[in-house]
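# What the coordinates show
Here's the letter readout for the chains.
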Amino acid sequence: MAEPFDEYSSSYGETVAESIRFSGLGHDFFLKAKANLLRRLIHERGLRRQGRSLNLLDIGCGVGSLHRHLEGMVDSLNGCDVSEQSIDRAQRDHPENVYTLCTSSRLPYANSTFDLALASCVLHHVPPAAWPAFLDETRRVLRLGGVACIIEHNPFNPLTRLAVFRCPFDKGAVLLTARKAKALARGAGFKELRVEHFLLLPTAGYLAQRVEQKLSAFPLGAQYACSGRA
């Protein structure tokens, strides 16, 4: 599974940008949307408590493209990935964070380590038979009351399917519905589950964000976030 990501570790951003060029939007637009969603999730889930640090784990972090948009949002950030070359690049680009190679189904962290665990567009690269174990591991490394956020492509959005088709390292990816992601999270023991679709409108303005939030229950946006509390 690491091979295609090793191959594109030096050109990850350019490859993603090419796959979504038809949308007229740059890669940063999508990264900022995810960062905004995480910021709101941290606030709404009450993860930022006075006197306590907020520790984030990014599972399948790749080259860490998202992490520059998370500065100041968390107190510490750990990332892990199956691609050694991607991890090396992430560490070079973001020396303030800690990146770890993970080549087994078990995450290389102790139980109850993190407050927030993120897996952004990762699960569709995992064999479906291993999806339950992936969610179990995510829950294992979270502290009691911690939150997991699984961001995935919305298979009901035709433009999303086109972008996945055009992306070379998405070859063979198995997209899962928000309903399936929620069922997997419930099966792993997560509670207070919530699903919201986003990336519906091609602008990051305040009004657009408000409209997207009003319509987040409907499978319209390009991606969705499934979050739950451990």
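Figured I'd write up the structure that's included with this text.

About the cut-offs
Residues numbered from 1 in each chain as written. Predicted model: local features only at pLDDT ≥ 70, side-chain atom pairs only at ≥ 80, totals over all residues. Heavy atoms only, no water. Helix = DSSP H or I, 4+ residues; strand = E, 2+ residues; numbered from the N terminus. Buried < 20%, exposed > 50% of the residue type's maximum accessible area, 1.4 Å probe, protein only. Areas by Shrake-Rupley, 256 points an atom, 1.4 Å probe, with all protein chains shown as cover. Right-handed = clockwise from strand over helix to strand, strands pointing away. Pairing = 2+ DSSP bridges. Salt bridge = Lys/Arg side-chain N within 4 Å of Asp/Glu carboxyl O. 1 Å grid on protein atoms, 1.4 Å probe; cavity = no way out; pocket = protein on both sides within 12 Å on 5 of 7 lines; lining within 4 Å. Points joined across faces, edges and corners; volume = space filled by probe spheres on them. Nonpolar A, V, L, I, M, F, W, Y, C, P; charged D, E, K, R; others polar. Phe/Tyr/Trp six-rings, centres within 6.5 Å; stacked < 30°, edge-to-face > 60°. Expected span 1.5 Å × (residues − 1).

### Quick look at the overall build of the protein chain
- Assigned secondary structure in the protein chain consists of eight helices and seven strands.
- Looking at the protein chain as a whole, 51% of its 230 residues are labelled buried.
- Looking at the protein chain as shown, the accessible area adds up to about 11,200 Å², and 55% of this sits on carbon and sulfur atoms.

### Let's talk about the environment of proline 128
- For proline 128, the location among the structural elements is in the loop between strand E4 (114-120) and helix H5 (131-140).
- The spacing of proline 128 and valine 174 is 46 residues in sequence and 7.5 Å in space, taken between C-alpha atoms.

### Here we look at the pairing of strand E5 (residues 142-153)
- E5 sits mainly inside the fold: 10 of its 12 residues count as buried.
- Read as a crossover between parallel neighbours, the route from E4 over H5 to E5 is right-handed.
- Where E5 lies against strand E7 (residues 223-229), seven bridges are found, and the strand directions are antiparallel. Paired with glutamate 152 across the strands is tyrosine 224, a residue of E7.

### Topic: the pattern of salt bridges
- With the rule as written, the count across this model stands at 12 salt bridges.
- The partner of arginine 45 in a salt bridge is glutamate 192, with the nearest N and O atoms 3.5 Å apart. Taken together, the residues span a long stretch of sequence, with arginine 45 in the loop between helix H3 (27-44) and strand E1 (55-59) and glutamate 192 in strand E6 (residues 191-198) at a distance of 147 residues.
- According to the relative accessible area criterion, glutamate 192 is partly exposed, its value standing at 49%.
- Two residues, aspartate 115 and arginine 143, come together in a salt bridge whose shortest N-O distance is 2.9 Å. Taken together, the positions of aspartate 115 in strand E4 and arginine 143 in strand E5 put the pair 28 residues apart, joining distant regions of the chain.
- On the accessibility criterion, aspartate 115 (5% relative accessible area) is buried.
- On the basis of relative accessibility, which here comes to 25%, the residue arginine 143 falls in the partly exposed class.

### Re empty space enclosed by the protein
- Scanning the entire structure with this criterion turns up two cavities of 30 Å³ or more.
- The computed volume of the largest cavity comes to approximately 80 Å³.
- If you trace the largest cavity, you find it lined by Leu47, Arg49, Arg52, Asp115, Arg143, Leu144, Gly145 and Gly146.
- Top contributing element to the lining of the largest cavity by residue count: E5, with four residues.
- Residues of the lining of the largest cavity, tallied by class, amount to two nonpolar, two polar and four charged.

### Regarding the packing of aromatic side chains
- Taken as a whole, this structure holds two aromatic pairs when the rule is applied.
- Consider the rings of phenylalanine 29 and phenylalanine 30, whose centres lie 5.4 Å apart with planes at 90°: the pair is edge-to-face. Comparing phenylalanine 29 with phenylalanine 30 shows no difference in burial state: the two are buried.

### Observations concerning H3
- With 18 residues, H3 extends 26 Å from end C-alpha to end C-alpha; this agrees with the ideal 26 Å at 1.5 Å per step.
- All buried positions along H3 are accounted for by His27, Phe29, Phe30, Leu31, Ala33, Lys34, Ala35, Leu37, Leu38, Leu41 and Ile42.
- A positive backbone phi angle near 65° is found at glycine 46, which sits one or two residues after H3.

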